[in-house]
Amino acid sequence: MRALILVESLVVLALAAGILVGPPAPASDAGGDVFPAARFVLDALPGETVLYRVDEGLATVRYTVGTVMVGGSKNTPKLHVDVAMTDTQGLPLQGVAGGYEHLPTRHGFFPLMAPEAPAAYDRVWVLKRIKREESFPWKGKTIRCWRVDAIDPALKADADAVVMWMHEDCPVFGIFRWQRGGHTYEADWRPPK
Amino acid sequence: VSGAGVIGGAPAPARGQGLDHVVALALAAMCLVLGIVFVEQRRAPTTGLQEPFDWQNPMLSAQPGQCVDVATEGTPGSGARLVVRPEAVVLRPYASKEGIPGWKPNLKWPDPHVFPPYLLVEQTRAPGPQATGMPADKSEPLAFPLGWFGMPLESQVVLRSLGQSTVTWNGQTRRAYVAELYGYLDFEGSIRVYLSKDAPALGVMRREFAGRSEGLRERHAFRVPESCR
């Protein structure tokens, strides 16, 4: 009995000390889940490329990073992004795409999708929602990724929703799947083993 | 004497054991109560941060007439009031016929038709005796691009990360999202923006600037006034 009392006393003392010392510092800014925006197009390297198949057909869109300029006090960051497309027959589409200067300070981390107006900075996708997707089926696996909802002002008001699934390991924009204008774009990227 | 002692002392162990039982029970109860307090104390502060990540752009919910006061901490007279204009969220600037009434074209942004989609607000002097930094009649439209996390059109920033935190704002501790931005050109350095869907207009509660080379440190505090008039 005395031993029990001794053990209980020690437990009481330990708990009281733990309560007085208080909980560990809250996770604050460094804690919790973090959307790693800098690990998408901002860290893309020259030669990085990704191919999207449209609606599981022969039509494709390929983005390839060209020259990359790091920003500073004299200039903003800039990437040249080549865009190559094929039609539903798998034939190259001439003159439709080509490429553009991606300006992260204006375009953010989404691709600029207004081929009819390549300099349309006023038609960048508007970030609407970022949500953690704990398990998403992709290429025979289940991956932890991000679901990002946006608005594309280049589309009609009643059909301007864009939905993306993003992973920091996917090349160029980090987007491995997206839906826009009634079409689904799926990257050739496979998650790491 | 010894017999008396034995006889007289016989009940003592029983009383002692009874007392031990009481003490043990009391300590067990204390262990239980302290254990519950201990567990609750450790669980409470992390509850907010363990919620699933689900950020929604607060600027898209801005309504005409909403307002917020903003001031640079430690700089009396820097107070300004931002009031959402009737146009509020402009998703298609290229389709806007009038552009922005009152907009003064500048070299960087001469034409509102090619602005990124934006939230339009009117900046005026914040009411109050200390607000002397701006003439009383000074009022100008400001455009805040919808994807720039409460930073104005003239800023050159990129988002580096978006995380979660808890902040005390307007006297309440609440869950917040923290946008870590990086600025270029006129201001090169880190910018931290605390966001909440409960904050009107821009959705911003606080902005913190940390310049890269000049050691510039500045904080902008946002406050909801009692009235927008």
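Residues numbered from 1 in each chain as written. Chains lettered and ligands numbered in written order. Predicted model: local features only at pLDDT ≥ 70, side-chain atom pairs only at ≥ 80, totals over all residues. Heavy atoms only, no water.

A.B. asks: Help me understand unusual backbone geometry, please; the structure alone is not making it clear to me.
C.D. replies: Phi is mostly negative for residues that are not glycine, and the peptide bonds are mostly trans. Here the phi dihedral of Val 172 of chain A falls at roughly 60°; this positive angle occurs in a residue that is not glycine. When you line up the elements, Val 172 of chain A lands in the loop between strand 7 (161–166) and strand 8 (175–180). (Helix = DSSP H or I, 4+ residues; strand = E, 2+ residues; numbered from the N terminus.)

A.B. asks: Would you mind showing me how to read the interface of chain A and chain B here?
C.D. replies: Frequently, the measure chosen for interface size is the accessible area that the parts lose on association. Of the residues lining the interface, 58 residues belong to chain A; the matching set on chain B comes to 52 residues. The interface formed by chain A and chain B includes 2 salt bridges. Two residues, Arg 129 of chain A and Asp 54 of chain B, come together in a salt bridge whose shortest N-O distance is 2.7 Å. Secondary-structure elements contributing two or more residues to the side of chain A that touches chain B are helix 1 (2–21), helix 2 (104–107), strand 5 (126–138) and strand 6 (141–151) of chain A. The greatest single-element share of the side of chain A that touches chain B, amounting to 11 residues, is contributed by helix 1 of chain A. When the residues that make up the side of chain A that touches chain B are grouped by side-chain class, the tally is 31 nonpolar, 12 polar and 15 charged. (Contact = heavy atoms within 4.5 Å. Salt bridge = Lys/Arg side-chain N within 4 Å of Asp/Glu carboxyl O. Nonpolar A, V, L, I, M, F, W, Y, C, P; charged D, E, K, R; others polar.)

A.B. asks: Would you take a moment to explain the nonpolar core for this structure?
C.D. replies: If you look at soluble globular proteins, the nonpolar side chains tend to sit buried side by side. Formed by 90 residues in total, the largest nonpolar core has its most connected members in Phe 35, Tyr 63, Met 164, Phe 176 and Trp 178 of chain A together with Leu 162 of chain B. Ranked by the residues each element gives to this core, the list is headed by strand 6 of chain A, at 6 residues. Residues contacting Met 164 of chain A, with those up to four places away along its chain left out, are Phe 110, Trp 125, Trp 146, Arg 147, Val 148, Ala 150, Ile 175, Arg 177 and Trp 178 of chain A. By size, the runner-up hydrophobic cluster in this structure holds 8 residues, among which are Ile 5 and Ile 19 of chain A together with Ala 24 and Leu 34 of chain B. (Core = buried A, V, L, I, M, F, W, Y, C linked by side-chain atoms within 4.5 Å. Buried < 20%, exposed > 50% of the residue type's maximum accessible area, 1.4 Å probe, protein only.)

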